[in-house]
Amino acid sequence: MPLNNTLTVDLGNRTARLVIVTITRLHEYQHMALNEISVHPGTGEPGASPAPPFSADALRTEITKPVRQIPRPGMVDAGNYYAEVTPHDGVPDNGGGVVPFSHGELFDRDLARYVGWRGSASAPKTVSVVFDLLADHPLDTIKIFSKAPNQFWGFDEITVTYRAEAETTYRIATRGVRARTELDYRLEIPMTGRSARFLRIQLSRGNQYLHIPLSEIELTRGSGQTGPNPAPPLDADGLRHELSRHTKLADQYGQYLYEDWPGKVTSDARLSEDREQEWERLEEVSLDRAVHDRYGGVKALGKQPAEGFFRLRKIEGKWWFVTPDGYPFLLKGVDSVSHDEWGYGTLYKEPGGGPREVFESLPDPVRYRQAYATTERGDVVSFVKANLMRKYGRGWEREWRKVTTRRLVDWGFNGLSKWAPAIRGCACRTSTRFPPPPM
């Protein structure tokens, strides 16, 4: 559709002797009809002293020559790209190496043709392509097209990242998913106010037998000027290195950078507000002594002999914990209540000692020295501890214990597990400790 189709191509002030029209069908059983070609001369005179007419062999040779795309107004059509894995389909992309925008399949403006990575038992589940725009460009939108010939072609997830030339790490422009039934996939990414020299597209397939098609990339310029004095274009090694660069993921509080949610911390002042609001709610929280003894034992279940320590006792054929005061006890414990659990620390250095550049910024290592440690995993930072120091200020450990104890009581817990050394030492009647059983 439509059955009657007319295509008009505006060539502006361009001159030509040879014009190639390429018609593509999705399968060989589709019939092709071409009724008429009209060429309208523009202003100016024809070229003087032309060479003789081409023979059939010479015209056949012209058809096989690489096509250099004409840059479009308002588009970024100059640059190079490199695929981490050489594709099986798409000319000249399947030759590997650096591909110019002007000759590549991804910028030929033909959605019917694609660069394809075939699936197999040894195929990688992730394929990445990096684009060098040759200079910093203000962008308005990035459009990505992936037209699949059938349900055996596609991908499951896509991540697009970008960086300006002066930056050393990438930022996420978008992440998306694709249904296997979505044959004509189109993704439009707003980029207003952002500039980039480098883009990366990562395509992931859950099933490595799935073939991946990538049909077309369109980069629409935004307002502003192209960055001055860009560094030279990157070669294959340089573009390969771009694929291994980090992507910024976390802000200074250890939160994911690219989403917002209710309660997300946006400033130290917000943490202080949270502290005041929570304490106002928890200040009067305590065990209901009409219902529980001082350890959380349930009085309504009847009193047993009190022996001064926690023990096990069979009551009416069932085993119970019994508190030091002699009341049956239903243990509802929390596995980990500790700011000193460095297993939850985040690595901030690479194995070689260089910075792990995934953070917008890190807590000040002097002011928040207690938030840093060296473990068997390497050098780590605890955003939990740094945030507690920001939230509670001087005497933060004492304040944290006080609030956390009341918070656990408010939630209905009455015990702690092995990973709770920081709160276990506080003199809180609601914290439960088990001394060694008598020998």
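An account of the accompanying structure is given in this report. Values in this document were obtained by computation on a predicted structure and should not be read as measured data.

Here is what the cut-offs are and how they apply
- Residues numbered from 1 in each chain as written.
- Predicted model: local features only at pLDDT ≥ 70, side-chain atom pairs only at ≥ 80, totals over all residues.
- Heavy atoms only, no water.
- Helix = DSSP H or I, 4+ residues; strand = E, 2+ residues; numbered from the N terminus.
- Rg over C-alpha atoms; globule rule 2.2 N^0.38 Å.
- Buried < 20%, exposed > 50% of the residue type's maximum accessible area, 1.4 Å probe, protein only.
- Contact = heavy atoms within 4.5 Å.
- Pairing = 2+ DSSP bridges.
- Axes fitted to C-alpha atoms, helices over the stretch in contact; angles between N-to-C directions.
- Parallel < 35°, antiparallel > 145°, perpendicular 65-115°, else oblique.

## As for the overall build of the protein
Across its full length, the protein carries 6 helices and 17 strands. Relative to the compact-globule value of 22 Å for 439 residues, the protein shows a C-alpha radius of gyration of 33 Å, a clear excess of over 25%. Overall size of the protein, expressed as C-alpha extent along the three principal axes, is 115 × 50 × 40 Å. Within the span of the protein, comprising 439 residues, buried residues form 38% of the whole. The contacts of the protein with a sequence gap of at least 6 include a subset with a gap of at least 24, amounting to 70%.

## A word on the environment of Ala-166
Here Ala-166 shows up in the loop between strand E5 (157-163) and strand E6 (171-177). Residues Ala-166 and Pro-230, 64 residues apart in the sequence, show an inter-C-alpha distance of 9.7 Å.

## Topic: the sheet that holds strand E14 (residues 346-347)
Reading across from one edge, E14-E16-E15 is the order of the 3 strands in this open sheet, with antiparallel pairing throughout. A strand with exactly one partner marks an edge of an open sheet, and here the two such strands are E14 and strand E15 (372-375). Pairing geometry for E15 and strand E16 (residues 378-381), over 4 bridges, is antiparallel. Paired with Tyr-372 across the strands is Val-381, a residue of E16.

## Thoughts on the packing of helix H3 (residues 268-282) against helix H4 (residues 383-392)
How two helices sit against one another is set out by the angle between their axes and by the gap between those axes. At a minimum axis distance of 8 Å, the contact between H3 and H4 shows a crossing angle of 70°. Taken together, the axis directions place H3 and H4 in an arrangement best described as roughly perpendicular. Between H3, through Asp-268, Leu-271, Ser-272, Asp-274, Arg-275 and Glu-278, and H4, the contact on the second element is made entirely by Asn-387, Arg-390, Lys-391 and Tyr-392.

## Here we look at the environment of Leu-388
Checked against the element boundaries, Leu-388 lands in helix H4. By relative accessible area, which is 12% here, Leu-388 ends up buried. Here the alpha-carbon distance between Leu-388 and Ala-148, two residues 240 residues apart in the chain, equals 50 Å. Contacts of Leu-388, omitting those with residues within four sequence positions, involve His-339, Gly-393, Trp-396 and Trp-400.

## Things to note about the sheet that holds strand E10 (residues 311-315)
Spatially, the 3 strands line up as an open sheet ordered E10-E11-E12, and their pairing is antiparallel. The open sheet is flanked by E10 and strand E12 (328-329), the only strands paired with a single partner. Relative to E12, strand E11 (residues 318-322) is paired through 2 bridges, and the arrangement is antiparallel. Residue pairing for E12: Val-322 is matched across the bridge by Pro-328.

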